Amino acid sequence: MSVKAGCAELLYSYIDVEPVCFNRGFYTVDVRYFYRITADAFIGTARPVEVTGLAVFDKRVILFGSEGSAKVFASAGSDCGRDPQQLPRTNAPIAVVEAVDPLILGMKLMDVCECRHCDCGNTEIPNAVASCFPEELVTGGDTHRLFVTLGQFSIIRLERDTQLLMPVYDYCMPEKECPCDGCGCQEDPCELFRKIKFPVGEFFPPNSTPCKGNSYQEARSCGCC
């Protein structure tokens, strides 16, 4: 009859990078997020039943990753044949996705006959994602679908290896010995403790917004008290 939102967990994200043909140096990054959604289903006046399902969302971004056409070879290949992971490849950028678990913004229970055609198609589920559920996922024959609106915070960037010129110095070996012999010149621990600054930030959380006024009312209005 109705559902109540539980929690959402990001299980895996599949990333694919392809160059943009009409704009050199730019790449399309296709990300497919796999979520585990937990909700409480109410049937009449009985106690709610916890249901768990899979949600999938696709996102595409276009980022600049510069140009590179050099072929890259690695010496970590297999000794008994060609290793597919170590075949020569171009130095294309690598896409990295940083994401946190999403927020459930809304849920809607719909009959299968009311779903759009593109929403009812089954998606290929990786074995690693399917193994995160205690039971086998139901991909057909159901009468209701639960549509979830999620709020996802993520950072998508492109990375590539590059050569940098860094100043390098030779190994520096100590030429003098410590003048302290035994425990005669050890510093007083109390004097050492007095030189340490009191860690105010460990006892009081930092203010998110600095106060511009000096009065108590202005401090309360900006959330500093």
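Just above, that's the structure.
As a starting point, this report considers the structure included with it.

**As for the overall build of the chain**
Counting secondary structure elements, the chain contains four helices and nine strands. Expressed as a percentage of its 225 residues, the buried residues of the chain come to 14%. Long-range contacts, defined as pairs at least 24 residues apart, comprise 70% of the intrachain contacts of the chain with a sequence gap of at least 6. Counting every atom, the chain has about 18,700 Å² of accessible surface; 55% of that belongs to carbon and sulfur.

**Here's the deal with the pairing of strand β2 (residues 26-42)**
Here strand β1 (residues 2-19) runs beside β2; their pairing, made up of 16 bridges, is antiparallel. What sits directly across from Tyr12, in β2, is Phe34. Hairpin connection, β1 to β2: the antiparallel pair is bridged by six residues, and Gly25 has positive phi, about 90 degrees. Bridge count between β2 and strand β3 (residues 49-64): 16 bridges; the pairing is antiparallel. Of the residues in β3, the one forming a bridge with Ala41 is Val49. Two successive antiparallel strands, β2 and β3, enclose a turn made up of six residues, where Gly44 displays a positive phi of approximately 65 degrees.

**Comments concerning the sheet that holds β3**
Working definition: the strands of a sheet are paired by backbone hydrogen bonds and lie parallel or antiparallel to each other. Strand order in this open sheet of three strands is β1-β2-β3, and the pairing throughout is antiparallel. Only two strands of the sheet have a single neighbouring strand rather than two, namely β1 and β3. Direction aside, the axes of adjacent strands within the sheet are offset by 15 degrees on average.

**Some details on the nonpolar core**
The biggest cluster of nonpolar side chains holds 14 residues, and the ones touching the most others in it are Val29, Val31, Tyr33, Tyr35 and Ile156. For this core, the secondary-structure elements that each account for two or more residues are β1, β2, β3, β6 (94-99) and β9 (154-159). Ignoring any residue separated from it by four or fewer positions in sequence, one finds Tyr33 in contact with Leu10, Tyr12, Ser13, Ala55, Val56, Phe57, Lys59, Val97, Ala99, Ser154 and Ile156.

**Considerations on a nonpolar patch on the surface**
The grouping of Val100, Leu103, Leu105 and Phe153 at the surface amounts to a nonpolar patch, some 440 Å² of accessible area in total. Within the secondary structure layout, Leu105 lies in strand β7 (residues 103-111).

**Points about the packing of aromatic side chains**
Evaluation of the coordinates by the stated rule reveals four aromatic pairs. Here the aromatic rings of Tyr12 and Phe34 are separated by 6.4 Å at their centres, their planes lie at 35 degrees, and the arrangement is tilted. Here Phe34 lies in strand β2 and Tyr12 lies in strand β1, a separation of 22 residues in the sequence. With 5.2 Å between their ring centres and 65 degrees between their planes, Phe26 and Phe64 make a pair best called edge-to-face. Placement of Phe26 in strand β2 and of Phe64 in strand β3 is noted, with a sequence separation of 38 residues between them. Here a set of aromatic residues connected by ring pairs shows up, and it is made of Tyr33, Tyr35 and Phe57. A cation sits over an aromatic face here: Arg36 above Phe133, 6.0 Å from the ring centre.

**Notes on the side chain of Thr28**
One can find Thr28 in strand β2. For Thr28, the contacting residues outside a window of four places in its chain are Asp16, Val17, Glu18, Val20, Val61 and Ile62.

**Thoughts on the pattern of salt bridges**
Side chains that carry opposite charge are capable of pairing whenever their charged atoms lie near each other. Scanning the entire structure with this criterion turns up five salt bridges. Across the pair Arg36 and Glu9 runs a salt bridge, and its minimum N-O distance is 2.5 Å. Of this pair, Arg36 sits in strand β2 while Glu9 sits in strand β1; the two residues are 27 residues apart in sequence, bridging distant segments of the chain. Under the relative-accessibility criterion, Arg36 is labelled partly exposed at 22%. One salt-bridge network, in which partners are shared between bridges, spans Glu98, Arg157 and Glu159.

Criteria and cut-off values
- Residues numbered from 1 in each chain as written.
- Predicted model: local features only at pLDDT ≥ 70, side-chain atom pairs only at ≥ 80, totals over all residues.
- Heavy atoms only, no water.
- Helix = DSSP H or I, 4+ residues; strand = E, 2+ residues; numbered from the N terminus.
- Buried < 20%, exposed > 50% of the residue type's maximum accessible area, 1.4 Å probe, protein only.
- Contact = heavy atoms within 4.5 Å.
- Areas by Shrake-Rupley, 256 points an atom, 1.4 Å probe, with all protein chains shown as cover.
- Pairing = 2+ DSSP bridges.
- Axes fitted to C-alpha atoms, helices over the stretch in contact; angles between N-to-C directions.
- Core = buried A, V, L, I, M, F, W, Y, C linked by side-chain atoms within 4.5 Å.
- Patch = residues over 30% accessible without salt bridge, like charges linked within 9 Å, V, L, I, M, F, W, Y side chains within 5 Å.
- Salt bridge = Lys/Arg side-chain N within 4 Å of Asp/Glu carboxyl O.
- Phe/Tyr/Trp six-rings, centres within 6.5 Å; stacked < 30°, edge-to-face > 60°.
- Lys NZ or Arg CZ within 6 Å of the ring centre and 35° of its normal.

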